[in-house]
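What follows is the residue order along each chain.
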Amino acid sequence: TIDSNMASLKVNSSFGIVSARHCTCVQRDDSEYVLDVPLGLSVCRWDTQAVQRSLFFQAHSDAIMGMRASPDRKWIVTASYGGEVKIWTKDWKFLAMQHAPTDSVSHVAWSADSFTFFITTNGFYPYLACYQVVASDSDVVIKLLWTATPPSAATKEEKKKATEEQHLSPAKAYKYGNVFNACEPNDSGNCIVLEDRDDENSLLHLFSKSGTLLKSQEIAAKPGQKKSDVLLLSSVKDGACVLTLQGGTVLFVNSETLDTITSFETGFSSRTLAWDGSNIVLPDGSGKRMTWWDKTGQLVYQFSGLPSDDYIVCVQLGLKQSVLWVCGVSSLVCLSLVRNNEGMIQSASVAHKIPTTQEISCVGLALSPDMSRVAVGDLTGNAWVYHLGEVKPRHHQNVEISVRCIIWSDDSTILIGDLGGNIFKWNIVKSIELWVTLEGSVIHMRQSHSRKVICQLILYSNCIAGRFEVG
């Protein structure tokens, strides 16, 4: 909803379960079956026993990228993509805000003292920032202590020059530069930072409490790979953190020295994990199976009873170690865990689940000409039409390939562009037909008043445009 003065935007409702990845969920202290998660720019509380959303409010002006509870459970920090950093009580009472000068927050993590936290940004000017929560009897403020940039990061002048060259040669593959993608403090209060580099192996850095670079460690690529591609830096447990790499490599790393303790192959890539004692829990690539591994690479246990092939965004162990939350884009599953006398996992079962009927992936969104309906698409080829004010779709089609753009041709006809270069014409009260097939991927469409359609295609890293007439 936009107010009459066009000054503010309020979210009335939303679809999906959770929208941010690893380390972005907060379990409630009073119930192991209630979980707070970020959903776009809002905070959503899921009660899996009641199978409902018991809390929903807009917390930021753009998408929440990180949400973490302090180790003492007193504070919650949230950070949005555009740099809004906020501190809340555990019951979501707003306390303080700081604005990080960035265009892309990537991660947030608390230090063990529950007053210091770190954020990383991976935008145009990436850096690591260290903040401190300063509380008095009457006020709470967020104080910036220091910032640090990637040691090999380009200067502002170099970035500006590269951007100008990109504009002059749009067919040239775009490079993001060297960026900080994640950070986690170790037991000494120093901060481990993951740096992703365009043409070279990823790096781990260790920064001191005061922001001094203590050590850097290169992450070697697998044989046959051009460079290492690290997907995840885990939190620290018993003096170790875990890295997962594209292709299925898992590294246990000493959090004080950055030396590799052990490495092994899982056969699948994972972008999230949970610590379970000295073992780690990883979802496999299909989203249907949860796996438990020890530090030697031994598969300790696996559970294959997840109800769908949803994309798993976050997994998190409950406070009492008796449940495991599996958060997907379109489903939330609470697994009940049975352990032996030594605390090792013996079995798991689905205790509660909250499914949604659709996955909303923000890859197509269009209002009808009469402003009464909205069409949306997702990564699995689905397209839905909703009447405004309703939460269940009136119409549905699947084009099998990931939707990339949607436009309304008239009040009853929709054009759907997909990743495979197809444009479908869908009369929502009759049928759908393949309208045209092009080489490349249809990523954008617009229609003129004379019913001419212009579409933008991606073809082997080049942009081309085509114009067609509806009829």
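Before any of the text, the structure's been laid out above.
Described below are features of the structure shown in this document.

How each quantity is defined
Residues numbered from 1 in each chain as written. Predicted model: local features only at pLDDT ≥ 70, side-chain atom pairs only at ≥ 80, totals over all residues. Heavy atoms only, no water. Helix = DSSP H or I, 4+ residues; strand = E, 2+ residues; numbered from the N terminus. Buried < 20%, exposed > 50% of the residue type's maximum accessible area, 1.4 Å probe, protein only. Contact = heavy atoms within 4.5 Å. Areas by Shrake-Rupley, 256 points an atom, 1.4 Å probe, with all protein chains shown as cover. Polar contact = N/O pair within 3.5 Å; in protein donor to acceptor, adjacent residues only side chain to side chain. Pairing = 2+ DSSP bridges. Salt bridge = Lys/Arg side-chain N within 4 Å of Asp/Glu carboxyl O. Phe/Tyr/Trp six-rings, centres within 6.5 Å; stacked < 30°, edge-to-face > 60°. Lys NZ or Arg CZ within 6 Å of the ring centre and 35° of its normal. Axes fitted to C-alpha atoms, helices over the stretch in contact; angles between N-to-C directions.

## A word on the overall build of the protein
Consideration 1: Along its length, the protein carries 1 helix and 39 strands.
Consideration 2: Relative to its full complement of 471 residues, the protein shows a buried share of 49%.
Consideration 3: In the protein, of all internal contacts separated by at least 6 residues, the share reaching a separation of at least 24 is 39%.
Consideration 4: As presented, the protein carries roughly 21,700 Å² of accessible surface, and 51% of it is formed by carbon and sulfur atoms.

## Some details on the side chain of Ser228
Consideration 1: Residue placement: Ser228 occurs in the loop between β16 (213-218) and β17 (230-233).
Consideration 2: You can call Ser228 buried: its relative accessible area is 0%.
Consideration 3: Within the structure, Ser228 has its side chain in polar contact with the backbone oxygen of Ile219 (distance 2.7 Å).
Consideration 4: If sequence neighbours within four positions are ignored, Ser228 has contacts with Asn201, Ser202, Ile219, Ala220, Ala221 and Leu245.

## Some details on the pairing of strand β28 (residues 345-355)
Consideration 1: Of the pairings in the sheet, the one linking strand β27 (residues 331-339) to β28 comprises 9 bridges and is antiparallel in character. Bridging from a neighbouring strand, Leu332 pairs with Ile354 of β28.
Consideration 2: Between β27 and β28, which pair antiparallel one after the other, the connecting turn spans 5 residues, and Gly343 there sits at a positive phi close to 85°.

## A word on the pattern of salt bridges
Consideration 1: Evaluation of the coordinates by the stated rule reveals 13 salt bridges.
Consideration 2: One salt bridge connects Arg28 with Asp36, and the closest N-O pair in it is separated by 3.3 Å. You'll find Arg28 and Asp36 in the same group, each marked buried.
Consideration 3: Overlapping salt bridges bring together Arg28, Asp36, Arg45 and Asp91 as one network.

## A closer look at the packing of aromatic side chains
Consideration 1: Taken as a whole and judged by the stated rule, the model has 13 aromatic pairs.
Consideration 2: Judged by centre distance (5.5 Å) and plane angle (70°), the ring pair of Trp88 and Phe94 falls under edge-to-face.
Consideration 3: Take Phe94: its relative accessible area is 41%, and that puts it in the partly exposed class.
Consideration 4: By way of ring pairs, the aromatic residues Phe252, Phe264, Phe268, Trp275 and Trp293 are connected into one cluster.
Consideration 5: The positively charged end of Arg53 is found above the aromatic ring belonging to Phe56, 4.2 Å away from the centroid.

## A word on unusual backbone geometry
Consideration 1: Positive phi values are uncommon outside glycine, yet Asp238 reaches one of about 50°.
Consideration 2: Mapped onto the fold, Asp238 is located in the loop between β17 and β18 (240-245).
Consideration 3: In the Ramachandran plot, Met371 falls in the positive-phi region, its phi being about 65° despite a non-glycine side chain.
Consideration 4: Position of Met371 relative to the elements: it lies in the loop between β29 (365-367) and β30 (373-377).

## Overview of the sheet that holds strand β35 (residues 422-427)
Consideration 1: In space, the 4 strands of this open sheet follow the order β33-β34-β35-β36, with antiparallel pairing throughout. Each edge of the open sheet carries a strand with a single partner, namely β33 (403-410) and β36 (432-437). Adjacent strand axes in the sheet meet at a mean angle of 25° when their direction is disregarded.
Consideration 2: Here 6 bridges tie β33 to strand β34 (residues 413-418), and the two strands are oriented antiparallel to one another. Each bridged residue has a counterpart across the sheet, and for Val403 the counterpart in β34 is Asp418.

## With respect to the sheet that holds strand β2 (residues 34-39)
Consideration 1: Read across the open sheet, the 4 strands follow the order β1-β2-β3-β4; overall the sheet is antiparallel. Taken across any chain shown, the strands that pair with only one partner, and hence form the sheet edges, are β1 (26-27) and β4 (52-58).
Consideration 2: Pairing analysis gives 6 bridges linking strand β3 (residues 42-47) to β4, with the strands arranged antiparallel. Within β4, the residue paired with Trp46 across the bridge is Arg53.

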